[in-house]
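# A structural walkthrough
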Amino acid sequence: MLFRKLKFIPTLADICKRILICPKQEFKHLGKAIELSIKIIAIFCTLRENRNYMLQTNRIMPLVDLLNWCMSRPTQIFFGISFLPQLFSIITLHLKHRTPYECIQSKECMIEILICSQLMQKIKNKFSIINYPMAMDISQMMGQVPMFLLKSITFLEALTSITSSDARYRPVYERNNKVGEHYLFVIENTELFGIINMISTLLLTHSEQFKT
């Protein structure tokens with residue numbers, strides 16, 4: 001309650017937004033501040049009331065923007081972002097959140113942005129890196145790669161299963177929304193977000209260490 005009343009979370013959200021305008025030479029220092037901010041927000045969001053607060057006040061959107069920014073980084077920098085798995089976890093938690101009626105519109109706005117942004121294509125591109133052994137030695141990155149795969153696929157699972165899941169919380173006079181054309185368009189053009197190719201590559205890899 002104090003975190004909400006003292007506007008502490010908006011300050012942390014503002015820190016996360018600074019990455020979009022931060023000079024390159026300050027990335028390292030800002031990255032540490034963002035990592036700590038993400039840890040605090042992750043603990044904050046474990047309570048249902050706080051997740052409602054994040055949706056109603058739109059504080060979740062700076063985290064969506066931060067995720068999009070992270071997914072645009074070059075491969076070597078991307079896998080060095082330590083807070084990325086926890087960032088995926090926070091957004092996934094809000095996707096799975098049983099939203100009260102007054103927060104449904106905010107959640108649907110977040111889902112709309114996630115689907116219509118370039119985020120899905122960026123995730124697919126990161127998956128495709130696994131298909132090119134010359135681009136990245138997976139055996140040398142056993143810590144980062146599996147954690148990213150685990151969290152990102154959990155995120156995609158939550159996003160693709162969200163359709164009409166909030167219908168039971170709507171008043172009876174509200175029309176139940178079906179899957180939009182934009183949703184189907186993204187799924188088709190990203191070949192199910194690249195998950196099928198990524199899984200087949202993992203299963204057929206020659207690296208026994210990674211295969212296990």
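Whatever comes next refers back to the structure up there.
This structure is a prediction, so every number in the text was calculated from the model and none was measured.

Conventions used here
- Residues numbered from 1 in each chain as written.
- Predicted model: local features only at pLDDT ≥ 70, side-chain atom pairs only at ≥ 80, totals over all residues.
- Heavy atoms only, no water.
- Helix = DSSP H or I, 4+ residues; strand = E, 2+ residues; numbered from the N terminus.
- Areas by Shrake-Rupley, 256 points an atom, 1.4 Å probe, with all protein chains shown as cover.
- Expected span 1.5 Å × (residues − 1).
- Buried < 20%, exposed > 50% of the residue type's maximum accessible area, 1.4 Å probe, protein only.
- Arc of directions from axis to C-beta.
- Contact = heavy atoms within 4.5 Å.
- Salt bridge = Lys/Arg side-chain N within 4 Å of Asp/Glu carboxyl O.
- Disulfide = S-S within 2.5 Å.
- Axes fitted to C-alpha atoms, helices over the stretch in contact; angles between N-to-C directions.
- Parallel < 35°, antiparallel > 145°, perpendicular 65-115°, else oblique.
- Left-handed = near helix turned anticlockwise from the far one by under 90°.
- Nonpolar A, V, L, I, M, F, W, Y, C, P; charged D, E, K, R; others polar.
- Core = buried A, V, L, I, M, F, W, Y, C linked by side-chain atoms within 4.5 Å.
- 1 Å grid on protein atoms, 1.4 Å probe; cavity = no way out; pocket = protein on both sides within 12 Å on 5 of 7 lines; lining within 4 Å.
- Points joined across faces, edges and corners; volume = space filled by probe spheres on them.

Right, let's get into the overall build of the protein. Within the protein one finds 13 helices and zero strands. Listing every helix and strand of the protein by position from the N terminus yields α-α-α-α-α-α-α-α-α-α-α-α-α. Accessible surface computed for the protein: about 12,100 Å², of which carbon and sulfur atoms make up 58%.

Let's shift gears to helix H3 (residues 27-44). In this model H3 runs 25 Å from its N-terminal to its C-terminal C-alpha over 18 residues, within 8% of the 26 Å that 1.5 Å per residue would give. Every buried residue belonging to H3 is among Leu 30, Gly 31, Ile 34, Ser 37, Ile 38, Ile 41, Ala 42 and Phe 44, and all of these are buried. Down the axis of H3, the buried set is contained in an arc of 145°. They therefore lie on one face. Exposed side chains of H3 directed beyond 90 degrees from the buried face belong to Lys 28, His 29, Leu 36 and Ile 43. Looking at the buried residues of H3, the elements they touch are helix H1 (2-5), helix H2 (8-17), helix H4 (48-56), helix H5 (61-71) and helix H7 (84-96).

On to the pattern of salt bridges. Summed over the entire model, instances satisfying the criterion amount to two salt bridges. Two residues, Asp 14 and Lys 17, come together in a salt bridge whose shortest N-O distance is 3.3 Å. With Asp 14 and Lys 17 both in helix H2, this residue pair falls three residues apart, about one helical turn. Its salt-bridge partner being Lys 39, residue Glu 35 comes within 4.0 Å of it at the nearest N-O pair.

Two cysteines joined by a covalent bond between their sulfur atoms form a disulfide. Under the defined criterion, the tally for this structure stands at zero disulfides. Free of any disulfide, Cys 70 has its nearest cysteine sulfur in Cys 16, 9.3 Å distant.

Here the focus is the packing of H3 against H5. Relative orientation of the contacting elements H3 and H5 amounts to 135°, with a least axis distance of 13 Å. With respect to each other, H3 and H5 are oriented oblique. Both H3 and H5 take part in a crossing whose hand is left-handed. Between H3, through Phe 27, Ile 34, Ile 38 and Ile 41, and H5, the contact on the second element is made entirely by Leu 63, Leu 66 and Trp 69. Classifying every residue of the contact of H3 with H5 by side-chain character gives seven nonpolar, no polar and no charged.

Another point: unusual backbone geometry. Phi at Lys 7 takes a positive value of approximately 60°, unusual for a residue other than glycine. Tracing the chain through its elements places Lys 7 in the loop between H1 and H2. Here Lys 7 falls in the exposed class, since its relative accessible area comes to 59%.

What follows deals with the nonpolar core. One recurring pattern in soluble globular proteins: nonpolar side chains tend to sit buried together. By size, the foremost hydrophobic cluster in this structure holds 48 residues, and its most contacted members are Ile 38, Met 54, Leu 63, Leu 66, Leu 114, Phe 148 and Phe 155. Element by element, the count of residues in this core is highest for H5, at eight residues. Not counting residues up to four positions away in its chain, the partners in contact with Ile 38 are Cys 16, Leu 63, Leu 66, Phe 83, Gln 86, Leu 87 and Ile 90.

Relative to each other, H3 and H7 sit at 30°, their axes nearing to 10 Å. Of the possible angle classes, the one that applies to H3 and H7 is roughly parallel. With respect to the hand of their crossing, H3 and H7 are arranged in left-handed fashion. Residues Ile 38, Lys 39, Ile 41 and Ala 42 of H3 touch H7, and the partners they reach there are Gln 86, Leu 87 and Ile 90. Taken together, the residues of the contact of H3 with H7 sort by class into five nonpolar, one polar and one charged.

This brings us to H4. Taken as a whole, H4 has its buried residues at Asn 50, Arg 51, Asn 52, Tyr 53, Met 54 and Leu 55. For H4, the secondary structure elements touched by its buried residues are H1, H2, H3, H5, H7 and helix H8 (101-116). Of the residues one or two after H4, Asn 58 is the one with positive phi, at around 65°.

Bringing the layout of surface pockets into the picture now. Estimates place the volume of the second largest pocket at around 280 Å³. Looking at the lining of the second largest pocket, its residues break down into eight nonpolar, three polar and four charged.

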